[in-house]
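Letter by letter, the chains look like this.
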Amino acid sequence: MRVAINALFWNQPATGSGQYVRRLVAHLAPLFPDLEVLLVAPRGHSIHHAPQHAEVVSTEATARNGLSKLLYEQRSYVRSATDWSADLLHVPYFAPPRWTALPTVVTVHDLIPLLLRGYRGGPLVRAYTAWVSAATRRADRVLTDSRAAARDIISHLGIAEDRVQVIYLAADATFRPVSRETDDELAAVRQRLHLPEEYLLYLGGFDRRKQVPELLAAYAHSGLATQMPLVVAGRLPSSDSAFSPDPRPIARELGIQDAVQFTGWVDEADKPALYRGARAFVFPSVYEGFGLPVLEALASGTPVIACHGSSLEEIAGPGGLLVDATDSEALADAMRRLVLDDSLRESLAGAGLVHAGQFSWESTASQTALAYREVLDG
């Protein structure tokens, strides 16, 4: 079986789609040596760190702007896959080709451009979303990361339930608990990032659905500023805007600037230790297709505070305190509870570790390969 995987996001490992395609491909070959993987990428788009078992194919087209990207996704990718005798296409993000003779599997991580008004973009972006939505309805199998995302796909794209399959993602093996007495990696990261001895942690983006301003307001209301610092990690917005508000002036306005530490961008290699050093991970996003940071925190032995709705209830499971996305007092109370109640924190951390252990990339790859076979077998 030869599968042509669209590798457009391969060189963007900091994105969800980039992490997904890299980890999926890395785990497919050891489990299925008879599965041939073609990584198809636009011309000029070098594939870094490709596994030895994957063959890299470059198309004649580039993907430097919106139009060329669309042409690559809809024509050049399909043509190259056909020329290399692929049996099946797998597009690991929300952009399958609309017309192809090859069986097609597409992974739709979320429907943010359809469900959240502020993410719909201008006329061209909306036209693109409409196009790939129509193309997704024609795919032979739609994979997605959670039951919540599957419900959205069935409801908003009108795809039959038997063509939508939930295959959970997983945290990388580097996310694991380590005793603080022997955690040299944590000590090094703490020194490099100038982290406090213990802290609450937010790690993620700053677009509006992440609710970082609401997190800061709840933290200020919690009264924890003199007891437990808040570390806010992630690439800060280059400018203040309604879509991506800069959290630093908000912290100053709330009078908590001395208790909140903004680390800026954090290297992937530093994230496991950053999670391990946290008293709790606070992730008040209003919508996630999966919510990989939540699972990474749980796998690191750190309990989570998240919001009801979307996928986060599934992913946090028994390792999380869930609050209503609009309830600032509940968010503040959850932070207070995990700071002040050691037994609650230990209970959630233990339950979260067990829960996180149920997710693995081996399982993700195995279920995905089975989906390929089912599609080919008709």
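Further up the page is the structure itself.
Computed from a predicted structure; not experimentally measured. (Residues numbered from 1 in each chain as written. Predicted model: local features only at pLDDT ≥ 70, side-chain atom pairs only at ≥ 80, totals over all residues. Heavy atoms only, no water.)

(A) Structural view of the sheet that holds strand 13 (residues 320-323). The strand order across the open sheet built from six strands is 10-9-8-11-12-13, with neighbouring strands paired in parallel fashion. Where the open sheet ends on each side, the last strands, each with one partner, are strand 10 (260-264) and strand 13. The average undirected angle you get between the axes of adjacent strands in this sheet is 20°. In the sheet, strand 8 (residues 199-203) pairs with strand 11 (residues 278-283) via three bridges, with the strands oriented parallel. Along strand 11, the bridge assignment pairs Leu-200 with Ala-280. (Pairing = 2+ DSSP bridges. Helix = DSSP H or I, 4+ residues; strand = E, 2+ residues; numbered from the N terminus. Axes fitted to C-alpha atoms, helices over the stretch in contact; angles between N-to-C directions.)

(B) Broad picture of the pattern of salt bridges. Going through the model one piece at a time under the given rule, you end up with 19 salt bridges. For Asp-183, the salt bridge identified is with Arg-276, shortest N-O distance 2.7 Å. Taken together, the positions of Asp-183 in the loop between strand 7 (164-166) and helix 6 (184-193) and Arg-276 in helix 9 (residues 271-276) put the pair 93 residues apart, joining distant regions of the chain. Pair check on accessibility: Asp-183 and Arg-276 agree, each one buried. Asp-342 serves as the salt-bridge partner of Arg-279, at 2.5 Å between the closest nitrogen and oxygen. Of the two residues, Arg-279 is situated in strand 11 and Asp-342 in helix 13 (residues 342-356); the sequence distance between them amounts to 63 residues. Assessed through its relative accessible area of 45%, Asp-342 is described here as partly exposed. (Salt bridge = Lys/Arg side-chain N within 4 Å of Asp/Glu carboxyl O. Buried < 20%, exposed > 50% of the residue type's maximum accessible area, 1.4 Å probe, protein only.)

(C) Inspection of the sheet that holds strand 3 (residues 54-58) at higher detail. Spatially, the seven strands line up as an open sheet ordered 3-2-1-4-5-6-7, and their pairing is parallel. On the outer flanks of this sheet lie strand 3 and strand 7, each paired with one strand and no other. Taking each pair of neighbouring strands and ignoring which way they run, the sheet shows an average axis angle of 25°. With three bridges joining them, strand 6 (residues 141-144) and strand 7 adopt parallel strand pairing. Bridge pairing in strand 7 links Val-142 to Val-164. In this fold helix 5 (residues 147-157) packs onto strand 6 and strand 7, with an angle of close to 170° to the strand it touches most, strand 7. (Contact = heavy atoms within 4.5 Å.)

(D) Quick peek at the pairing of strand 5 (residues 104-107). Burial of strand 5 is two-sided: the residues Thr-104 and Val-106 facing one way and the residues Val-105 and Thr-107 facing the other way are all buried. Inspection of the sheet shows strand 4 (residues 88-91) paired to strand 5 by three bridges, in the parallel sense. By the bridge assignment, Leu-89 is partnered in strand 5 with Thr-104. Where strand 5 meets strand 6, three bridges bridge the pair, whose relative direction is parallel. Across the sheet, residue Val-105 finds its bridge partner in strand 6, namely Arg-141.

(E) Structural detail: the environment of Ser-80. Position of Ser-80 among the secondary structure elements: in helix 2 (residues 66-83). Put simply, Ser-80 and Ala-41 are 39 residues apart on the chain and 9.4 Å apart in space, counted from C-alpha to C-alpha. In this structure Ser-80 touches Val-40, Val-57, Ser-58, Thr-59 and Glu-60, once residues within four positions along its chain are discounted.

(F) Quick peek at the environment of Asp-172. Mapped onto the elements, Asp-172 comes out in the loop between strand 7 and helix 6. Measuring from C-alpha to C-alpha, the distance between Asp-172 and Trp-361 comes to 7.8 Å, with 189 residues separating the pair along the chain. Apart from residues lying up to four places away in sequence, Asp-172 is in contact with Arg-23 and Trp-361. A polar atom in the side chain of Asp-172 sits 3.0 Å from the side chain of Thr-174. (Polar contact = N/O pair within 3.5 Å; in protein donor to acceptor, adjacent residues only side chain to side chain.)

(G) Highlighting helix 10 (residues 292-299). Taking burial as the measure, the eight residues of helix 10 include seven buried ones, the bulk of the element. Of the residues making up helix 10, those classed as buried are Leu-292, Val-294, Leu-295, Glu-296, Ala-297, Leu-298 and Ala-299. Looking at the packing, one finds that the buried side of helix 10 touches helix 1 (16-31), helix 9, strand 11, strand 12 (304-307), helix 11 (312-316) and helix 13. Count one or two residues on from helix 10 and you reach Gly-301, which has phi positive near 90°.

(H) Layout of the pairing of strand 8. Along strand 8, five of the five residues are buried, which leaves the element largely enclosed by surrounding structure. On strand 8, burial covers both faces: Tyr-199, Leu-201 and Leu-203 on one face and Leu-200 and Tyr-202 on the other are all buried. Running through helix 7 (residues 212-222), the crossover from strand 8 to the neighbouring parallel element strand 9 (residues 230-233) is right-handed. (Right-handed = clockwise from strand over helix to strand, strands pointing away.)

(I) Up close: the packing of helix 1 against helix 14 (residues 361-377). Look at helix 1 against helix 14: their axes get within 8 Å of each other, and the N-to-C directions meet at 80°. Here helix 1 is positioned roughly perpendicular relative to helix 14, judged by the angle of their axes. Contacts between helix 1 and helix 14 involve Tyr-20, Arg-23, Leu-24, His-27, Leu-28 and Leu-31 from the first element and Trp-361, Glu-362, Thr-364, Ala-365, Ser-366, Thr-368, Ala-369 and Tyr-372 from the second. (Parallel < 35°, antiparallel > 145°, perpendicular 65-115°, else oblique.)

(J) The packing of aromatic side chains, seen in detail. Counted under the stated rule, the structure contains 13 aromatic pairs. Centre to centre, the rings of Tyr-20 and Trp-361 are 6.4 Å apart; their planes meet at 45°, and the pair counts as tilted. Taken together, the residues span a long stretch of sequence, with Tyr-20 in helix 1 and Trp-361 in helix 14 at a distance of 341 residues. The pair formed by Tyr-20 and Trp-361 is uniform in burial state, with each residue classed as buried. When the ring of Tyr-202 is compared with that of Phe-283, the centres are 6.1 Å apart and the planes differ by 15°; the resulting orientation is stacked. With Tyr-202 in strand 8 and Phe-283 in strand 11, this pair connects stretches of sequence that are 81 residues apart. Judged by its relative accessible area of 0%, Tyr-202 falls in the buried class. For Phe-283, a relative accessible area of 1% gives the class buried. Put simply, the rings of Phe-175, Tyr-202, Phe-206, Tyr-275, Phe-281 and Phe-283 touch in pairs and so form one group of aromatic residues. Over the face of the ring belonging to Trp-131 we find Arg-98, whose NZ or CZ atom lies 4.6 Å from the ring centre. (Phe/Tyr/Trp six-rings, centres within 6.5 Å; stacked < 30°, edge-to-face > 60°. Lys NZ or Arg CZ within 6 Å of the ring centre and 35° of its normal.)

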